[in-house]
Each structure stands twice: as structure tokens, then as C-alpha cells.
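An overview of the molecular structure
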Amino acid sequence: MKKITFTLNGESRTVAVAPHEVLLDVLRDKLGVKSPKVGCERGDCGACTILLDGKPVRSCLILAVEVEGQEITTLEGVGRDGPTPLQESFIRHNAFQCGFCAPGIVLAATALLEKNPKPTAHEVQEAISGNLCRCTGYEAIIESAVEAGRQGTARARKPAARKSANR
Amino acid sequence: MKFVGQSATRIDEREKVTGAAPYADDLDFGPNLLHAEIVESPHAHAIIKKIDVSRARKVPGVVKVVTGKDFPYTFGLYMQDRFIFARDRVRFVGEQVAAVIARDPVTAKRAARLVKVTYEPLPFVLDLKEALKEDALLVHPDLKNYGHCAWFFPVPDTNIAHWRKTRKGDIEAGFREADTVLEDTYTVPRYAHCAIEPHVIVGQCDLSGRLTLWSSSQSPHTQRHVFAAALAPLGLKHQDIRVITPYVGGGFGGKAGVSMEIIAAALALAVKGAPVKVRWTREQEFYNTYQRQGVIARIKMGVKKDGSITAIEHTLHWDAGAYVEYGANVVNAVGLSATGPYRVPNVKIDSVCVYTNLPPGGPYRGFGYSEFMFGLESHINRIAKMIGLDPVEFRRRNAIREGDTLPYGAHMNPCALVDAIDKTAAEIEWGKKEEAAAPNKVIGKGFACFWKAPAMPPNAASAAFLKFSEDGSVNISVSGMEIGQGYLTVMAQIAAEVLTVPPEKIRVETPDTDRNAYEWQTVGSHVTWGCGNAVKAAAEEARAKMIEVVHRVHGFAKEDLYLEDERVKCRAKPDFALAFKDFVINGIQTPRGNFLGGPILASGMFMPEFTSATGDPETSQGGHPNVHYTVGAAGIVLEVDKETGKMRVRKVVLAVDVGQAINPDLVKGQVVGGMLQGLATALYEDIRYSPAGKLLNPNFTDYKIPTALDLPDAIVPIIIETPQPDGPFGARGVGEHTMIPSAPIVANAIEDATGLRIKSLPLTAEKVALELRGIRYDDVKGETMGLCFMGDPQKYAFFAKSKA
Amino acid sequence: MSIACEFDYRKPKTLSKAIKLLAKRGRDARVLAGGTDLVGWLRDSLVAPDLLVDIKGFEELKGIGFKNRALVLGALATFSDVLESELVAQHFPLLREMAGMVASNGVRNRATVVGNICSAVPCCDAGPVLQVYNAVVHVRGPNGKRRVPIGQWFLGPRKTAIRPGEIVTSVTVPLPAKKAAGCFVKLKRYRGEDLAQASVAVLAFSGREYRLAFGAVAPIAVRGPRTEALLKGQKLSAGLLEEAGKLAVEEIVPITDIRSTKEYRSLMVEVMVRRALKTAAARLAGRGPAYGINVMEEDTP
């Protein structure tokens, strides 16, 4: 076992892991963070998406020992003070159905909007194309993200911006 | 109406978008949680000679190793042909043979490799042609001893698990009457559901003997029932079993009934006191739950010069896999409805369920209708062309209408199929030829109709409990599943309409069989209708109770009292308005100072009392097996690159008669999602088996489901509302229907664009490109890429001769 | 599904320590960079090393630079780094076009270009593009440094010229001496993320010189020397494109596998070569579609 310390949703966490333990499992089973989902465990579906130093990655393809000293954000860390404008947009559009892909897609879209505050529909499609959804046909998801951008509510994770949400 | 018919926000959306929504795998069970790893058959068919678990048992951290000897019981929803663990023989690659239960998943996985199973491999049958031979190897020699529901008709000592025959009119006279007869074969391979959440279930049998299961399921009560039946030899009864189902990460039929869940129920009994988790990997999700069954459909159709259909003979042979406990009912449903939504005076349908040594088939969104409509709607285009009639006009002339006699003798419910056809045709500008911008591309249009009825036992029931809280908010407990379709929201909207309480003040709970009211299953697109009726009845009962107590205290005539804006009001006394929150828990104070009333509680139930499954086995005449059909039409504008075979959907339109859209936005969600799922089965989903029966692409790397880049340029939903008299506010179901016409509209559009008629799914770019160059795909696909088994319709032409 | 094999994990402080460690442990050790292939293989028990050596800490392996008229892709440069690099966008747009078609964003943020050529699967996307750029693989091992031309790098499916104990430190991509433009075409089963059924990279130079390479249609990414010779100095007429497409098919050895029949691969390579040449030539002339378009899917203006 090896002790690793990293920032999880703004808080420093230390946990003992064996080298073969996968980050996704450690987050879910040892740290109680359940929004990253187990979907395919080979990087195909995106349900396990987290932000690692701000970038969406597959937590099923990362060993927990690799993230020593890094910063991880899961969906729990995004809407901590209430849903972000992007999340509100998803809610308004009834964007998700079963919701299992939602954590990954919300994170992927959040990262996109931070980089590119007013994305086109195609840019949203490209950004979430690694996140499989079997229910919705994606249309409402794409619309939600484009609309959130259009309304200038993109800087989704900053609390100040959150208050200026266009409601 | 104030709430019904409105595009309300989903009541579960906030939970889902914030990650708060719990799925079965998200529940915590503490440090005592055990993990199971399954030892699987590497053979499609073999005798289990010996299982040596001694080495596995010795691994530190292993708690128990379980085999078929420990649970020598069968189970099944409609036919008891499936085993908790394979006993004596295995029947498909991946079948569960043993389980290792350990303290952690890694130990379980390592120890499972140490379980040594000695097999004697047997010949196996993967192909329907082989399975139906006179001297075919029998997948289930004991078929004649299996228990099954009353409407199944297995043929002992064959691989035929069920044969549904429907006969109406005089089929031979029908063909004699016809001016044109066309007969051909169509093949549809297997498909996988691919819910993003794999099956997961945790079972715990406490030391008092109470078995609780936390399950990702569409069918909590049915699971309880099947568990109780299968485990009855161990003394287990319904009262000892509790199934709790939180949110489900997608179902599509794959989480209906009981498949892998039986393993957790059994394992929990093997390690009493500790919870044990069985979580399927993506691979297992593909090969050991259910798959959509493959079908070979032989269609013979007769038409008159004026386009009227005189006769349809539809013979369908289904590759149902190693166990058909659920899949045989798919076969049954098609056997009753394989005419499609048309007026057909003379009908002969044979829908035959065939065992093979492939993974078990079962329910999948569409329940057989997607499969048979591919052939039927392709056939209709061809025969219309033969008589020189526009295919849309052909459908229009034959479209089923209210009161028409169905293939089994009952009568068609209200519907507006002609309206759906006309609106769809207008939306895709049917008849207007479109030119592609690039010289290598051509554009074609495709059209198809669809219908589907829920396939339910005649006594499938729904029930609801309803109660108020002090603030006048409402709590409803039902046992339908929120599998994404928006069921919780729809139930809230139905109750809201009766009670005048806005949906956002109504909580609808996910099921717990100990606490929630009964529901048969969330399948067949029936819960909006069936459970909606139950919720409406409960809300009406609550309304009656509220009115009763106001009447008792204030003395107003009951017929003057009504609900509005969360208040009880009185027509005779306009200034009277009693807010719900002021009396629904603690009653109403009388002038004497005492209180009358108390917590408002209500219940409601619904069972379609008019149905029966008692039709004659030889003709299916006499019963009333289906409650109603939802019908509609779909059209597509498809661009085909003649060089590459690549297709782009420029526009797709689907019109569906939902009776009453309780929530139009959710109906739109079903249209968009279902259409994309259907288009994927047409364009690229492509399951492959090795010649030894091993699934070669049990993953999203090589079984391609649509990404956000694979959307059509436009999807246009058209909602038509011809009320269903026995539906809540006139509603009928819409969940499955939206994927049914996808494959035939693509096939018909390919023909329109290129002249190429492809009679086997999928219609991949590869297949189109090869066939456009005159290369038959089935001649080149070879064995190394896996067998589709159903590729080439020519191979199965002989089925025309297998008359009943 | 958990990883069932046990191994050690080390993250040495310096590259030379890492190389020593790898040399000592030989075939029992594996290098871990992005891990997007390796972690999957560990889970599927396709590999069972005793030791993983994480090289992500080494500054000298990070990033994308330009040195001696060549682009330097450090061993830790991810496909996302390639996509975000101004340098790449300006001078190596073909590389960027390829990177945009690799997997999806969530994988590209982690997966490295060097890892892609070390995995060396036949459908590897970087292979054909590095081939036409005449890239060089830089390797360090216990016996010092080596330079392996990309043409000698791939030895077979999942087999490369790397020796036990060695690490790839970078891949350098020489700046084309003449004005050049390219086109990367990837045949996929749909628009979304997919492994290549076939891929073609074309680099066209002013003076009517062309380089071609193919992916997923031979055991390794291969160049098309005969097709290149045919095209050299020629104007790309419709007839010549036709001829080039047909000749290209003779230079590949596609097989039938789960992703495609060999017949489709062959037919499509013919089409892809035509379209890629046309697009590259148009781009060279300052016309043609912007980089990033997949000419197997989209209309080209």
C-alpha cells in the first residue's frame, strides 16, 4: 500500500492504495465520491469522467497512485453551492433521461465552457462525443450547453459567476 | 388542462444533473460487503464433468465458492428453463458455472481463475437452419418437462420452444384474389441494449432469514415473484423477500424480468448475514443478460391492382438463444401482430421460437416489432412498386382504422394512422426528388409505418399509494421504474391534474416492494397508461376524501365542492377556499373545537379486465391478448455516398398517435432518443460471434452505439392525439415505438437513392458500398470477422416450405 | 472489473534512474505514461508486469518544442497537447488533423503520441502521419541514445524496435524543406470515436512531390513508394488519381477482421487516396477545405 495525497473537490485528501487500484474505484469505494460511474472500464463510454487538473479524463484508465499531488474535480465539486448555470440549463431542457451519463457529460461540458465560453453546437458535440448516452439522442444536451454559452453563463465553476445566472 | 399536456420539468432532473441521484452501485453497504466473481463457460455446449473448487476456496479472503450443486433450481418469467448456475451442462459461451465470493473484488477475480471446471465439449447449434433440422441436436432435451405460461406451445423433442399461430380468413383464397403476389426473406441479426449502467445487484439475507435485494431493475415486483418461485425449495416466500430499486441507468428491456439478478439472490443465501454484490462487467452485460433476438422472416403478400392487401403470410423463425424464459414472449407478441398496422382480411402468421447455443434472447425496446417491421415495410415498398403505386399511398389505402378486425379477432382501438402518414409525408416532402451537392452522392427518401401493443399477461396490474404532507405537498409511491423515460414526472403530472397541486410539489418514490404499491413491470410502454390509471384513481380517491371531510365540517353539498389551486372551493360559496395544507394532515377544526378528518391517504389500482390470453392455439382467435396499439409513421431523407456507402441522415420525421401527450417534451425525448437508437441498429450496430459461439465484440470499441457526432441533421417529432378511452386523460404508451420504423425507412431510402434493395440488417456503409459494386457482402465477410448467422436471406429461403 | 495482477509502482526522480530501473528489471517492467492502453491491458490481463515505471514526472519528456528545424514531441506530449500547440497548427497541420481524429477528448487529454507508436497496433493513427513526415524516434537506454527512423520503428503488430530497458524520449518531426500540405483520412464505422478501419496520410510538396502512408491495412503503418513514384512530378489529373488509387491498393495487405472486410478496406483505400491527394493538393494551392474535416464523411468544397 502507498499513501497518496491529492486535492479532491477543493479538499486535500489522503488515502492508502495498492498500485493496481484504479482511480475510479478508489474515488467511489474509498472516498465515497459516487458521481463518476462504472460503465465500461475501458475508456469507451465516458461515464467515469473526472476533471484532472481541469481537464476531462477517464478515471477508469488511471491508477490511483498516479494522481499524487494533482487536483481532481468530480461533479460533486461542481455544484457544491447549488447548480451552476450550465446545470440549470440542463434542467430546463430536460436534457437527461436515465441520468447515468450525466456526471460525465456535465463535467465534459463544464470543461468546454471554461475554455470556450460560447461554443457552437458542433463544438459541444465534439467535446462530449466520448461520453455515450443511450437514452436521449443528445439533442437536448447539446442545446442546453449551447444555450448556457449564449446566455453568457459559461464560467460555470466560479461562485461569483454562478450568482449572475440568467434565470 | 393545467398540468397534463404541459412540458413540465422532470422532477428527477435536478438530482441527475447534480450527481445526487443514487443508482444501485452507488449505495454503500459498509465493510462487510462481499464481492462475487463468476466462473463462466468457455464452451457453447458442453457437459460439466467436474468442478474442482478446492484451490479457490483456500485463497485468503475467499468466503465461499458456489456451484450449481448448491442451487439446483430453475427459474424463468414465462418458462422455467433457465438455471441459477449451469448444472450438468452449459449451453452458451459465458454461462455462469460457479461463483467465488470474497472480501474484495480482486481476491474474487484471482480465486475464480483457480476454479477448475472439466468439460466434455458437445456439438453445438448456432444457426437456425441447423437447429430446425429433423435430427437437430437438442439444446433442451427436457423441454417437455418445463413449466411455462398457458399461452406458450412448445414442441417436445425439438428446439422449438414456442410456436404462435395466428389464422384469420382464408389465406389461400386471399392469394387467389390477389393480382400480384411477392414472397421473400428478410433477416435481422441480434442486437444489444447497451444501457450505460451495467446490471448490478446486492443481495443480503440477514440472520433472521429476510432476503433484501438492491437491484438495477425494471421489474422489482416481478423479480420478487421470480425469486420466490425459484427459491421456494429453500422455504423462501414472497414475504421473506424485499427488492429495492433506486434509479436505473437505462433499461431498454435489458433490465426487465430476471436474468443475472438470480445469482445475487442465491449467493446472499449462501453467505447469510453479509451483503454480496454482483456487478456485471460491460462484457457480461453483452453476453449474459438478454440480447435482442435475431429473426428470419419469410413474407408472402398478395395485393390487388388498387393496392389493397388481400393476404399476408408471415413466417418468422427466431434465434432465441439458450434460454427463452422471456424471449419466447417476444416471439408470441409478434405472432399476434405481424401484419403491421394494416387491414388484412386473410392472415397466416407463424412465429417460431428456436433454441440455439447462443446467449439468451429477451425483451428489447420494440419487443419484436422492430425486427418484423424491417421485412414487412421493405416488402410493402417492393410490392407497391410492382403494381405501380406510390408506397405512401399504398400504406394510406391499407392503413388500419378504429374498429377494424385485428389478426386475432378483437377490434382496433381509436387511432389516426392516416393522419400520421399524411403529416409525415408532408414533412419530408414526399415525392420531391432532392439533389445532393456532391457528384458522388445521391439522396433518397424512405417511409414506413409502425405499430405496437404492450405484451402483457392479461392480469398485469398497476397500483399506487398517495399521501399528503403538512405543507400540502404530495408523496406518491408506485413501483414503475424511472428508466429515463420520465415516468416519475408523468405520474406527478397526472396526480397534479386531479389534485391541482403542481408537479414540483409531488414526490414520486422509486420502488421498494415492502413499501410501494404493486407494479407488474416497467415494460411494454405501458406504465404511463396502466400505472397512470392507478395514480389517477388514487388522486381521485384522495380528492373524494378531501371533499368528504370539508363536507362533514362545513356542510356544503359534495357536488358543489371542487379543487383549485391547492384549495378546496365551493361553487355555492365563492369566498370559501380551504388550503390543502390547512387540513390534509391534521383535519379541520369544528366550531366545537374538535377536529374532523386526519391524514389524507389514498390508493388506486388498475388492471385491464377486458383482456385474456385464451385464444385458440391453432388460430389465436377468441382471446383479447393486447390492450391497445400505438401507431404512427416515419420518414427519412437520406444522403448516400455511392463511393463509400457512407450515409448521412438529412432529416428524419416520426409521427406517433400517443392519445394524449401527458408531457410533450418527454414524448419528444422518446422520439429523438428512440429514433437514434433505431438508426444505429440500421446503420452500424453489428454483433459478431465466432464460429464457436463466442461473442467477439462485447464492448463499445467494436459494438458502436451512437455518439453526439452521429445525430441526424434534423429529427422532427409530430405528436398526434386521438384519445385512448381507457387511458389516463386519453394517454397511451410511446416509449418503444419510436425505434421501430428506423431500419425500414433507411432500407427504403437506400433503394430510393441507389436502386439497391438490402434484405438483411444492418445496412452498414460497408455493405452498401460492396453491394453497389456488385459484391455480395455475405460472400466476402468470411469467418475471421465473426459470423452474423443471419446475414444472407438466400440461405434461409427454405423456410418458405416449413408450413404449419 | 478490477486489475487482478500485482505489481510495484515506482516514479523515479530522474530519467537516468528510470532507465537504470528498467534495465535492471528488463521485461518484468513497463513504462507508464498516459496509461490509456496499458491500464486496459492490465485489467484484461493481457500484460502482467511486476513493475510500472511512471515517467510522468520528467520535465525533459514534457511538451512540444522546435529544435534543429524539427518539431520535438516529448514522450509525455498528449494528443491534446498536439491539438493545442500553435507550433503544430502552423507548421505541421497534418499532425493536428490526425490528432483530432484520435479517440475522444477525454482520452486525448491523457494519451500520448509516443504511447500510440509504442503500442504499435496496426490501426495506430499516428503511424501513417509520422511516416509521411519521415519522423525520427529517439530512444534512451542503458547503452545510451539511439535514433530510429520511423520507417524502421514498426516491426509488426504491437512490435517495435525498442529494446528491453529502453525508453522513447521523443519523436522529432522534421519541418518539410519545401512548402507542403497534407491530408489525413480515417475510415471509421461512423462519425464518432472509432479505431481506424483504414487510414491514409498524404503529404504533398510544392514541385509535385507526394508522400503516402497507410494505417490498418497492413501489419504496420506503411509508406506507398510505388504510388509516390507514380505521382512524382505529375499533375494530379483525374486519370492519374484513379491510377494512384489503384496502385496504392497493390501496396497494402489488408485483412478481414471484426472492423472490416479486406475487400472494403481495399476499395476504400482507393477512394481515400484519391480524396486525400486531391485535398492535399488543394490545400497546397491555398484552396481546399480547412484541416480537421474528414473527407470520408463530409463534402469537400
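Criteria and cut-off values
- Residues numbered from 1 in each chain as written.
- Chains lettered and ligands numbered in written order.
- Predicted model: local features only at pLDDT ≥ 70, side-chain atom pairs only at ≥ 80, totals over all residues.
- Helix = DSSP H or I, 4+ residues; strand = E, 2+ residues; numbered from the N terminus.
- Rg over C-alpha atoms; globule rule 2.2 N^0.38 Å.
- Buried ≥ 20, exposed ≤ 12 C-beta atoms within 10 Å, placed from the backbone.
- Contact = placed C-beta atoms within 7 Å.
- Axes fitted to C-alpha atoms, helices over the stretch in contact; angles between N-to-C directions.
- Parallel < 35°, antiparallel > 145°, perpendicular 65-115°, else oblique.
- Left-handed = near helix turned anticlockwise from the far one by under 90°.
- Nonpolar A, V, L, I, M, F, W, Y, C, P; charged D, E, K, R; others polar.
- Pairing = 2+ DSSP bridges.
- Domains from an automatic or database assignment.
- Expected span 1.5 Å × (residues − 1).
- Core = buried A, V, L, I, M, F, W, Y, C linked by C-beta atoms within 7 Å.
- pLDDT = per-residue confidence, 0-100.

Our next topic: the overall build of chain C. Along its length, chain C carries twelve helices and 14 strands. Its C-alpha atoms give chain C a radius of gyration of 19 Å, within 12% of the compact-globule value 19 Å for 301 residues. With respect to the three principal axes, the spread of C-alpha positions in chain C is 60 × 45 × 30 Å. Per-residue burial for chain C yields a buried fraction of 57% across its 301 residues. Across chain C, every contact between residues at least 6 apart in sequence was considered, and the portion connecting residues at least 24 apart equals 61%.

A separate point is the overall build of chain A. Per the secondary structure count, chain A includes seven helices and five strands. Counted from the first residue to the last, chain A has its helices and strands arranged as β-β-α-β-β-β-α-α-α-α-α-α. Relative to the compact-globule value of 15 Å for 167 residues, chain A shows a C-alpha radius of gyration of 16 Å, a close match. Seen through its principal axes, chain A has C-alpha atoms that stretch 50 × 35 × 25 Å. The buried share of chain A, reckoned over its 167 residues, is 66%. Counted over contacts in chain A with a minimum sequence separation of 6, partners at least 24 positions apart contribute 61%.

It is worth spelling out the packing of helix 11 (residues 238–250) of chain C against helix 12 (residues 262–284) of chain C at this point. How two helices pack is summed up by the angle between their axes together with the distance between the axes. Residue and element names in this part refer to chain C. At a minimum axis separation of 8 Å, helix 11 and helix 12 run at an interaxial angle of 135 degrees. By the criterion of interaxial angle, the relationship of helix 11 to helix 12 is oblique. With respect to the hand of their crossing, helix 11 and helix 12 are arranged in right-handed fashion. In this structure, helix 11 uses Leu 241, Ala 244, Gly 245, Lys 246, Ala 248 and Val 249 to contact helix 12, whose residues at the interface are Ser 266, Val 269, Glu 270, Val 271, Val 273, Arg 274, Leu 277 and Lys 278. Grouping the constituent residues of the contact of helix 11 with helix 12 by class yields eight nonpolar, two polar and four charged.

Right, let's get into the sheet that holds strand 1 (residues 8–10) of chain C. Residue and element names in this part refer to chain C. Pairing in this open sheet of three strands is parallel, and the strands run 1-3-2 from one edge to the other. The sheet is open, and its two borders are formed by strand 1 and strand 2 (29–32), each paired with just one other strand. Neighbour-to-neighbour, the strand axes of this sheet turn through a mean angle of 25 degrees, independent of strand direction. The sheet contact formed by strand 1 and strand 3 (residues 51–54) spans three bridges and is parallel. Paired with Asp 8 across the strands is Leu 51, a residue of strand 3.

All right, on to the domain arrangement of chain C then. Residues and elements named next belong to chain C. As assigned here, chain C comprises domain 1 (8–175) and domain 2 (180–297). Summarising the inter-unit geometry, the C-alpha centres of domain 1 and domain 2 are found 25 Å apart. In this assembly, 23 residues from domain 1 lie in contact with 25 residues from domain 2. Breaking the side of domain 1 that touches domain 2 down by element, the ones donating at least two residues are helix 5 (93–99), helix 8 (126–132) and strand 8 (154–156). For the side of domain 1 that touches domain 2, a count of residues per class yields 14 nonpolar, six polar and three charged.

Once that is clear, we can look at helix 10 (residues 369–386) of chain B. Residue and element names in this part refer to chain B. Taking 1.5 Å per residue as the helical rise, helix 10 with its 18 residues ought to reach 26 Å, and the 25 Å between its terminal C-alpha atoms agrees with that figure. Taking burial as the measure, the 18 residues of helix 10 include 15 buried ones, the bulk of the element. Gly 388 sits one or two residues past helix 10 and shows a positive phi near 70 degrees.

Further remarks concern the environment of Lys 186 of chain C. All names here are of chain C. Looking at where Lys 186 falls in the secondary structure, it is placed in strand 11 (residues 180–187). The exposure class assigned to Lys 186 is buried, which follows from the 27 C-beta atoms found within 10 Å. Residues Lys 186 and Glu 297, spaced 111 residues apart in sequence, show a C-alpha to C-alpha distance of 9.5 Å.

What follows deals with the nonpolar core. Ranked by internal contacts, the top residues of the largest apolar core, which has 432 residues, are Val 100, Met 491, Ala 495 and Val 746 of chain B together with Val 202 of chain C. Non-local contacts of Val 100 of chain B, meaning those with residues more than four positions away in its chain, are made with Ala 36, Glu 37, Ala 56, Val 62, Val 65, Ala 108, Ala 111, Ala 112 and Val 115 of chain B.

Contact residues are listed per partner, giving 23 residues for chain A and 24 residues for chain C. Top element by residues in the side of chain A that touches chain C is strand 4 (residues 55–58) of chain A. It accounts for four residues. Here the residues of the side of chain A that touches chain C are counted per class, giving ten nonpolar, six polar and seven charged.

Attention now moves to the interface of chain A and chain B. Contact residues are listed per partner, giving 43 residues for chain A and 43 residues for chain B. When contributions to the side of chain A that touches chain B are tallied by element, the ones reaching two or more residues are helix 2 (75–78), helix 3 (85–92), helix 4 (102–115), helix 5 (121–128) and helix 6 (139–150) of chain A. In terms of residue count, helix 3 of chain A provides more of the side of chain A that touches chain B than any other element does, four residues in total.

All names here are of chain B. Counting buried positions along strand 3 (residues 62–67) yields five of six residues, so the element is predominantly enclosed. Examined bridge by bridge, strand 3 and strand 7 (residues 96–102) share five bridges and lie antiparallel to one another. Residue Lys 64 lies in a different strand from strand 7, and its bridge partner there is Ile 101.

On to unusual backbone geometry. All names here are of chain B. Omega for the bond connecting Leu 761 with Pro 762 falls within 30 degrees of zero, at -10 degrees, which places this linkage in the cis form. Following the sequence through the fold, Pro 762 ends up in the loop between helix 16 (742–754) and helix 17 (765–772). Positive phi outside glycine occurs at Phe 367, with the angle close to 45 degrees. Relative to the assigned elements, Phe 367 resides in the loop between strand 17 (346–355) and helix 10. Owing to 28 C-beta atoms within 10 Å, Phe 367 belongs among the buried residues under this scheme.

Let us now look at the environment of Asn 159 of chain B. All names here are of chain B. Residue position: Asn 159 is located in the loop between helix 4 (128–131) and strand 9 (160–168). Look at Asn 159 and you get buried, because 26 C-beta atoms sit within 10 Å. Taking the C-alpha atoms as reference points, Asn 159 and Lys 305, separated by 146 residues in sequence, lie 41 Å from one another. If we ignore the near neighbours within four places in the chain, the residues touching Asn 159 are Ala 131, Leu 132, Ala 136, Leu 138, Val 139, Val 354 and Tyr 355.

Time to look at the packing of helix 10 of chain B against helix 16 of chain B. Residues and elements named next belong to chain B. At a minimum axis separation of 8 Å, helix 10 and helix 16 run at an interaxial angle of 30 degrees. The orientation of helix 10 relative to helix 16 falls into the category roughly parallel. Both helix 10 and helix 16 take part in a crossing whose hand is right-handed. Side by side, helix 10 and helix 16 meet where Ser 370, Met 373, Phe 374, Glu 377, Ser 378 and Asn 381 of the first sit next to Ala 743, Pro 744, Ala 747, Asn 748 and Glu 751 of the second. Residue composition of the contact of helix 10 with helix 16, grouped by class: five nonpolar, four polar and two charged.

With that out of the way, let us pick up the environment of Asp 616 of chain B. Residue and element names in this part refer to chain B. Inspection of the secondary structure puts Asp 616 in the loop between strand 27 (601–606) and strand 28 (630–641). Residues Asp 616 and Lys 165 lie 451 residues apart in sequence; the distance between their C-alpha atoms is 9.0 Å. Setting aside its immediate chain neighbours within four residues, Asp 616 contacts Gln 621 and Gly 622.

Here the focus is the sheet that holds strand 6 (residues 89–90) of chain B. Residues and elements named next belong to chain B. With antiparallel pairing, three strands are arranged side by side in an open sheet as 6-2-8. Looking at the sheet topology across the chains shown, the edges are occupied by strand 6 and strand 8 (116–121). One ladder, built from six bridges, connects strand 2 (residues 46–52) with strand 8; its direction is antiparallel. If you follow Ile 51 over to strand 8, its bridge partner there is Val 117.

An α-helical segment advances 3.6 residues per turn. Residues three or four places apart therefore align on the same side. All names here are of chain A. Across the eight residues that make up helix 3, a large majority, seven, are buried. Residues Pro 85, Leu 86, Gln 87, Glu 88, Ser 89, Phe 90 and Ile 91 constitute the buried set of helix 3. Taken from the residues just after helix 3, Asn 94 is the one with a positive phi, measuring 45 degrees.

What follows covers the pairing of strand 5 (residues 70–74) of chain C. Moving residue by residue along a regular strand, the side chains alternate between the two faces of the sheet. All names here are of chain C. Examined bridge by bridge, strand 4 (residues 64–67) and strand 5 share four bridges and lie antiparallel to one another. In the strand pairing of strand 5, Lys 67 is matched with Ala 70. Counting the residues that bridge the hairpin from strand 4 to strand 5 gives two residues, and of these Asn 68 lies at a positive phi of roughly 50 degrees. Pairing of strand 5 with strand 10 (residues 167–174), which is carried by five bridges, proceeds in the antiparallel orientation. In the strand pairing of strand 10, Ala 70 is matched with Pro 174.

This part takes up the confidence of the model for chain C. For chain C, the average pLDDT comes to 96, and 100% of its residues sit at 70 or higher. Both scores are available for the predicted complex, with the pTM at 0.96 and the ipTM at 0.97.

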